[in-house]
Amino acid sequence: MADQRRTPGSQTSLREANRGRIVDAVKKHGGLTQVELAGATGLSPATVSNIVKELSESGVLSTSKSMRSGRRAQYVTLAHASGLVCGIHFSQRQLRVALADTGMTVVSEHEMPLARDHRSDNEIRRVGMLIADMLENVSADRDELLAVGIAVSAPMDAASGMIARPGILRGWEGIAIRETAERALRVPVFVDNSSNLSALAEHRLGALRGHSDAVFVEVSDGIGAGVIVGGRGYRGASGSAGEFGHMVIVENGPLCRCGNLGCLEAIAGGDAIVESLKNRYSGLKLADVIVRAMAGDDVCIRSIADAGSHIGVAAANIASMFDPGRIVVGGQLARSGELLLGPIRQVVDRSLATRLAPPPEIVAGQLGARAAVVGAIGFAADQLSAFPAAAAGPAELRAAFG
Ligand SMILES: [Zn+2]
């Protein structure tokens, strides 16, 4: 309200601001009645009604009649005339699902924990039901879902569409993820590694915008990276480039879940950090380590700094190879901010000090834990536009995919 008083002469800008509040509220809740919209925005029912009418006519919002508490109500959702794309991110312990329009504006989002050794078939089935609910919440028909992008937190083999390294996501090994998901979800599915997709999202919408040669490093329970070369994701000959977490940085070092010894992930990944603190603090999760470190706990601070130094060694090697202008650090551990970034930067700067070129900037990601799911949406939307049948509509598209 204070903002409105500051601009008494500008009815237009007030109306603009009110429009923005209404669209934001609809995006946040997926769908609302006009009465709920008035409550959520603090605007009068008459103002809400006028703006909803205006935005429906211009194709931004869509309204439908519904019943609420036995009374007729006008239900308001975002218009999605050009269809919707769904992004899914399966990581070791977390599932995130988001629905967006083809312009990558997210209209509905869900997050839930996964069991450590969850099974792909169960989870794909569960996601199918969740997507149906999410579509219903934004008043969209099943036919409006054009495609699904899946981000998997494991190296992917492009030819087989399977996980390229055993031991990473056990419940997904030997599964042709795309085919399995297409059978269950009955819509075109596109699959890629989560670090590649996070890199794509940060490149398009976040901290890597405008950087044509850059690296995205993801540090969560595991560690991965997505490399952008010449403005495009670099995938390598088999599609599994960016196995940053499984670069050997200590010869004959600790055993990694991939079966190798001395991988970066086995030394600096979230699981390794938690394991190293086990004797001091039992039952601690990575999120607790971050909270403690940020509150000033020396032991946790040192543990994150040590991980940062090791990641710095690997990042310096990557930087020597690809000469990125910027390295963005994302994933759960990036929430610890400079406690992690500082040591990475220190090692990278020191390792590259003898070069004439300046070292890459090391900054935190801007999309946080949503990066992979947003990237999955962008990836699926890109693939759709690469298929001419996409323009003909969902039914034809599905026919084109058999
Ligand atoms: Zn490994």
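Each chain has its residues counted from 1, running along the sequence as written. With pLDDT at 70 or above as the cut-off, local features in this predicted model cover only qualifying residues; side-chain atom pairs require 80 or more to be listed or tallied, and sums for whole chains, interfaces and linings still use all residues. Only hydrogens and water are set aside when side-chain values are computed; all heavy atoms of the structure are taken into account.

- Naming follows an unreviewed UniProt entry, where the protein chain appears as ROK family transcriptional regulator of Protaetiibacter intestinalis.
- UniProt positions are given in the numbering used here, feature names are shortened, and annotations may be inferred rather than shown by experiment. UniProt lists a comment for the protein chain under the heading Sequence similarities (unreviewed entry), and it reads "Belongs to the ROK (NagC/XylR) family."

1. Considerations on helix α5 (residues 120-137)
Phase 1 of the analysis: The numbering of helices and of strands both runs from the N terminus, where a helix is a DSSP run of H or I of at least 4 residues and a strand a run of E of at least 2. Expected helix span is computed as 1.5 Å times (number of residues minus one). Here α5 is 18 residues long and its end C-alpha atoms lie 25 Å apart, about the 26 Å a rise of 1.5 Å per residue gives.
Phase 2 of the analysis: When a residue's accessible area, from a 1.4 Å probe over protein chains only, is under 20% of the maximum for its type it is buried; when over 50% it is exposed; and in between it is partly exposed. Here α5 has its buried residues at Ser 120, Glu 123, Ile 124, Val 127, Leu 130, Ile 131, Met 134 and Leu 135. End-on, the buried residues of α5 take up no more than an arc of 140°, which puts them together on one face. Away from the buried face of α5 by more than 90 degrees, exposed residues Arg 125, Met 129 and Glu 136 are located.
Phase 3 of the analysis: Residue contacts are counted whenever heavy atoms from the two residues lie within 4.5 Å of one another. Packed against the buried residues of α5 are β4 (84-90), β5 (94-101), β6 (106-113), β7 (145-152) and α6 (177-185).
Phase 4 of the analysis: With its phi angle positive at about 55°, Ser 139 sits one or two positions after the end of α5. Starting at the helix axis, one direction is taken to each C-beta atom, and the arc is that of these directions.

2. Thoughts on the sheet that holds β5
Phase 1 of the analysis: The five strands lie next to each other as β6-β5-β4-β7-β10, forming an open sheet whose pairing is mixed. Either end of the sheet is taken by a strand with one partner, and the two such strands are β6 and β10 (189-193). Geometrically, the sheet is characterised by an average inter-axis angle of 15° between neighbouring strands, direction not taken into account.
Phase 2 of the analysis: The pairing of β7 with β10 spans five bridges and is classified as parallel. Bridging from a neighbouring strand, Val 148 pairs with Val 189 of β10.
Phase 3 of the analysis: The angle between two axes is taken between their N-to-C directions and runs from 0 to 180 degrees, where each axis is a line fitted to C-alpha atoms and a helix contributes only its stretch in contact. In the packing of α5 onto the sheet, contacts are made with β4, β5, β6 and β7, and the angle to β5 comes to roughly 35°. One bridge is not enough; two strands pair if DSSP finds at least two bridges between them.

3. Some remarks on the domain arrangement of the protein chain
Phase 1 of the analysis: Start and end points for every domain follow an automatic or database-based domain assignment. Entries for the protein chain in the domain assignment read domain 1 (15-78), domain 2 (90-196 + 375-400) and domain 3 (207-365).
Phase 2 of the analysis: When each unit is reduced to the centre of its C-alpha atoms, the spacing between domain 2 and domain 3 is 26 Å.
Phase 3 of the analysis: The interface is formed by 18 residues belonging to domain 2 together with 18 residues belonging to domain 3.
Phase 4 of the analysis: Taken over both partners, the interface formed by domain 2 and domain 3 buries close to 1400 Å², and the fraction arising from carbon and sulfur atoms is 35%.
Phase 5 of the analysis: Take the accessible area each of two parts loses on contact, using a 1.4 Å probe, and add the two losses: that sum is the buried area. Summed over the three residues of domain 2 that lose the most area to domain 3, namely Arg 165, Ser 195 and Asn 196, the buried surface amounts to 38% of that side.
Phase 6 of the analysis: Every case where a carboxyl oxygen of Asp or Glu lies within 4 Å of a side-chain nitrogen of Lys or Arg is listed as a salt bridge. Applying the counting criterion to the domain 2 and domain 3 interface returns three salt bridges.
Phase 7 of the analysis: Of the charged contacts, one joins Arg 93 and Asp 221 as a salt bridge, the two residues approaching to 4.0 Å between their closest N and O atoms.
Phase 8 of the analysis: A 3.5 Å cut-off defines polar contacts: any pair of N or O atoms within that distance qualifies, except that in protein one atom must be a possible hydrogen donor and the other a possible acceptor, and neighbouring residues in sequence count only when both atoms are side-chain atoms. The tally of links between domain 2 and domain 3 comes to five residue pairs in polar contact (both at pLDDT 80 or more).
Phase 9 of the analysis: Secondary-structure elements contributing two or more residues to the side of domain 2 that touches domain 3 are β8 (156-157) and α7 (194-205).
Phase 10 of the analysis: Ranked by residue count, the leading element in the side of domain 2 that touches domain 3 is α7, at three residues.

4. Thoughts on the coordination of the zinc ion
Phase 1 of the analysis: Distances from the zinc ion to its protein donors, His 246 (ND1), Cys 256 (SG), Cys 258 (SG) and Cys 263 (SG), fall within 2.0 to 2.3 Å.
Phase 2 of the analysis: A donor here means any N, O or S atom no more than 2.8 Å from the metal (3.2 Å for Na, K and Ca); water is not included, so a site may seem to lack partners. Spacing between the donor residues of the zinc ion along the chain follows H-x9-C-x1-C-x4-C. Here His 246 is found in the loop between β13 (232-234) and α8 (264-268), whereas its partner Cys 256 is found in the loop between β13 and α8, with ten residues between them in sequence. As far as the burial class goes, His 246 and Cys 256 line up, both buried.

5. Let's talk about unusual backbone geometry
Phase 1 of the analysis: Located in the positive-phi region is Asn 252, a residue other than glycine, with phi close to 55°.
Phase 2 of the analysis: For Asn 252, the location among the structural elements is in the loop between β13 and α8.
Phase 3 of the analysis: The class for Asn 252 is exposed, based on a relative accessible area of 65%.
Phase 4 of the analysis: A positive phi angle, close to 50°, is found at Asp 323, a residue other than glycine.
Phase 5 of the analysis: Tracing the backbone through its elements, the reader meets Asp 323 in the loop between α11 (298-322) and β14 (326-330).

6. Here's the deal with the pairing of β6
Phase 1 of the analysis: Here seven bridges tie β5 to β6, and the two strands are oriented antiparallel to one another. Considered in β6, the bridge of Leu 95 is made with Met 112.
Phase 2 of the analysis: Hairpin connection between β5 and β6: a loop of four residues separates the two successive antiparallel strands, and Met 104 in this loop has a positive phi of roughly 70°.

7. With respect to the confidence of the model for the protein chain
Phase 1 of the analysis: Across the protein chain, the average pLDDT comes to 87, with 91% of residues at 70 or higher.
Phase 2 of the analysis: pLDDT runs from 0 to 100 and stands for how confident the predictor is about each residue. In the model, residues 1-8 has pLDDT below 50 throughout and makes six contacts with residues more than four positions away in sequence or in other chains.
Phase 3 of the analysis: In this model residues 390-402 is a low-confidence stretch, pLDDT under 50, and it forms 18 contacts with partners more than four residues away in sequence or in other chains.

8. Quick word on the pattern of salt bridges
Phase 1 of the analysis: Going through the model one piece at a time under the given rule, you end up with 19 salt bridges.
Phase 2 of the analysis: Measuring nitrogen to oxygen at the nearest pair gives 2.9 Å for the salt bridge that ties Arg 119 to Asp 121.
Phase 3 of the analysis: Classification of Arg 119 as partly exposed rests on a relative accessible area of 48%.
Phase 4 of the analysis: Lys 278 is the salt-bridge partner of Glu 275, the closest N and O atoms lying 2.9 Å from each other.
Phase 5 of the analysis: Judged by relative accessible area, Glu 275 falls into the partly exposed class, the value being 47%.
Phase 6 of the analysis: Salt bridges sharing common partners tie together Arg 15, Glu 16, Arg 19 and Glu 54.

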